[in-house]
Amino acid sequence: MRSAEELLTELGISDPTDIQLEAIAHCVGVEVEYRPLANCEAQIVGYKDRAVVYVSTDTRPHRKRFSTGHELGHWHHHRGQSFVCRSSDIGRPIDEKSKDAERLADAYSGDLILPPFMVAPRLERMGEISLDGIAELASQFRASVTATAIRTVRMTKQPLILVAHNLLGRMWQWPSITAGRMRVRDDIDARSSSFVSMLSGSKASRARKEPANYWFDRRHIDQFDVRVQSFLTVEGEALALLRVLDPKMIDIYG
Ligand SMILES: [Zn+2]
């Protein structure tokens, strides 16, 4: 079990509605205050075994929550120190293997807000994973759909790839463990549901089958289809969940 999960367990917290970050912070000697901040999104001022966390009031609720968790991550990993975190420091969904202090703080926040031991049984009950199911989980955990989707594809054994695009192309992708080494191409295909949802501005698309070559740049991959559902995030990026329908596609290209 990871350290944020251990803390939740010690505090007897086993339900997402009980993940009250201010109360949890208080238990580890940290007070949380929300207020306008000029040059950063969140900061922690630590001295010996006490600290104050300031979180900007100028962001969306999920983001405030993630930033609070991020500062608690700094407190866990770098107790007694102070950090000033800009928005570019907090919540980057890439390079998670990095041991950089900001990424460690992000990982801690993710574990606190979407603890794997609480997510796992819910994924089990969900059966076939869909973006609708992920959005429902996100609301239970008061987390963003993006963060919840990343947590989900990292935990599942279903053959899925989560990919984020803006109009310029692919931003990042997370394949699940069973998706092998399948990687989505760098550009965005104008026929794909992600492109269509960005242009139309529709919040969520229905899941539909699309030829795999809309997504992958591999020889003869158009013989396969993928099932795709896309979702437009509040940042205006398209998040797509791709399901590999034929295991042969992974055998050949994965
Ligand atoms: Zn930070």
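Remember, it's a predicted structure, so these values are computed and weren't measured experimentally.

## So, the overall build of the protein
So, step 1. Within the protein one finds nine helices and nine strands.
So, step 2. Computed over C-alpha atoms, the radius of gyration of the protein comes to 19 Å, within 12% of the 18 Å expected from 2.2 N^0.38 for 254 residues, which places it in the range of a compact globule.
So, step 3. The principal-axis extents of the C-alpha atoms in the protein amount to approximately 60 × 35 × 30 Å.
So, step 4. When the 254 residues of the protein are sorted by exposure, 49% land in the buried category.
So, step 5. Total accessible area on the protein is roughly 12,500 Å²; 51% of this is exposed by carbon and sulfur atoms.

## Looking at the packing of helix H1 (residues 3–10) against helix H4 (residues 101–113)
So, step 1. Here H1 crosses H4 at 35°, and the two axes come no closer than 8 Å. Two packed elements cross with a definite hand, and for H1 against H4 that hand is right-handed. Residue-level contacts link Ser3, Ala4, Glu5, Leu7 and Leu8 of H1 to Tyr108, Asp111 and Leu112 of H4.
So, step 2. Across the contact of H1 with H4, the residue classes break down as five nonpolar, one polar and two charged.

## A word on the coordination of the zinc ion
Note on metal sites: the ideal angle is 109.5 degrees for four tetrahedral donors, and 90 or 180 degrees for six octahedral donors.
So, step 1. All of the protein donors around the zinc ion are His70 (NE2), His74 (NE2), Cys85 (SG) and Glu102 (OE); their distances to the metal are 1.9 to 2.2 Å.
So, step 2. Viewed at the metal, the four donor atoms of the zinc ion are separated by angles of 88 to 131°, and the geometry they form is tetrahedral.
So, step 3. Every donor residue of the zinc ion comes from the same chain, spaced as H-x3-H-x10-C-x16-E. Separated by four residues within a single helix, His70 and His74 lie in helix H3 (residues 61–77), roughly one turn from each other.
So, step 4. Classification of His70 by relative accessible area gives buried; the value is 0%.
So, step 5. Classification of His74 by relative accessible area gives buried; the value is 1%.

## Details of the layout of surface pockets
So, step 1. The computed volume of the largest pocket comes to approximately 1,200 Å³.
So, step 2. If you go around the largest pocket, you meet 44 residues; those closest to its centre are Arg63, Gly91, Ser144, Thr146 and Ala147.
So, step 3. Mapped onto the lining of the largest pocket, the elements with two or more residues apiece are H3, H4, helix H7 (145–155), strand E6 (169–175) and strand E8 (225–232).
So, step 4. The leading source of residues in the lining of the largest pocket is H7, at six residues.
So, step 5. Residues belonging to the lining of the largest pocket are distributed by class as follows: 20 nonpolar, nine polar and 15 charged.
So, step 6. Residue assignment places the lining of the largest pocket across two domains, with domain 1 (3–113) and domain 2 (116–253) each supplying three or more.

## What about the packing of aromatic side chains?
So, step 1. Within this structure, the stated rule accounts for one aromatic pair.
So, step 2. Ring geometry for Phe224 against Tyr253: centres 6.3 Å apart, planes inclined by 90°, an arrangement best described as edge-to-face. Residue Phe224 is found in the loop between strand E7 (208–211) and E8, and its partner Tyr253 is found in helix H9 (residues 247–253); the two are separated by 29 residues along the sequence. Taken as a pair, Phe224 and Tyr253 share a single burial class, namely buried.
So, step 3. For Arg35, the ring lying beneath its charged end belongs to Tyr54, and the centroid distance is 3.9 Å.

## Regarding the pairing of E8
So, step 1. Within E8, six of the eight residues are buried, leaving the element largely enclosed by the surrounding structure.
So, step 2. Pairing of E7 with E8 involves four bridges; the strand directions are antiparallel. What sits directly across from Arg208, in E8, is Val228.
So, step 3. The pairing of E8 with strand E9 (residues 238–244) spans seven bridges and is antiparallel. Bridge assignment links Val226 to a residue of E9, and that residue is Val244.

What counts, and where the lines are drawn
Residues numbered from 1 in each chain as written. Predicted model: local features only at pLDDT ≥ 70, side-chain atom pairs only at ≥ 80, totals over all residues. Heavy atoms only, no water. Helix = DSSP H or I, 4+ residues; strand = E, 2+ residues; numbered from the N terminus. Rg over C-alpha atoms; globule rule 2.2 N^0.38 Å. Buried < 20%, exposed > 50% of the residue type's maximum accessible area, 1.4 Å probe, protein only. Areas by Shrake-Rupley, 256 points an atom, 1.4 Å probe, with all protein chains shown as cover. Axes fitted to C-alpha atoms, helices over the stretch in contact; angles between N-to-C directions. Left-handed = near helix turned anticlockwise from the far one by under 90°. Contact = heavy atoms within 4.5 Å. Nonpolar A, V, L, I, M, F, W, Y, C, P; charged D, E, K, R; others polar. Donors = N, O, S within 2.8 Å, 3.2 Å for Na, K, Ca; no water. Tetrahedral: all angles 85-135°; square planar, octahedral: opposite > 155°, others 65-115°. 1 Å grid on protein atoms, 1.4 Å probe; cavity = no way out; pocket = protein on both sides within 12 Å on 5 of 7 lines; lining within 4 Å. Points joined across faces, edges and corners; volume = space filled by probe spheres on them. Domains from an automatic or database assignment. Phe/Tyr/Trp six-rings, centres within 6.5 Å; stacked < 30°, edge-to-face > 60°. Lys NZ or Arg CZ within 6 Å of the ring centre and 35° of its normal. Pairing = 2+ DSSP bridges.

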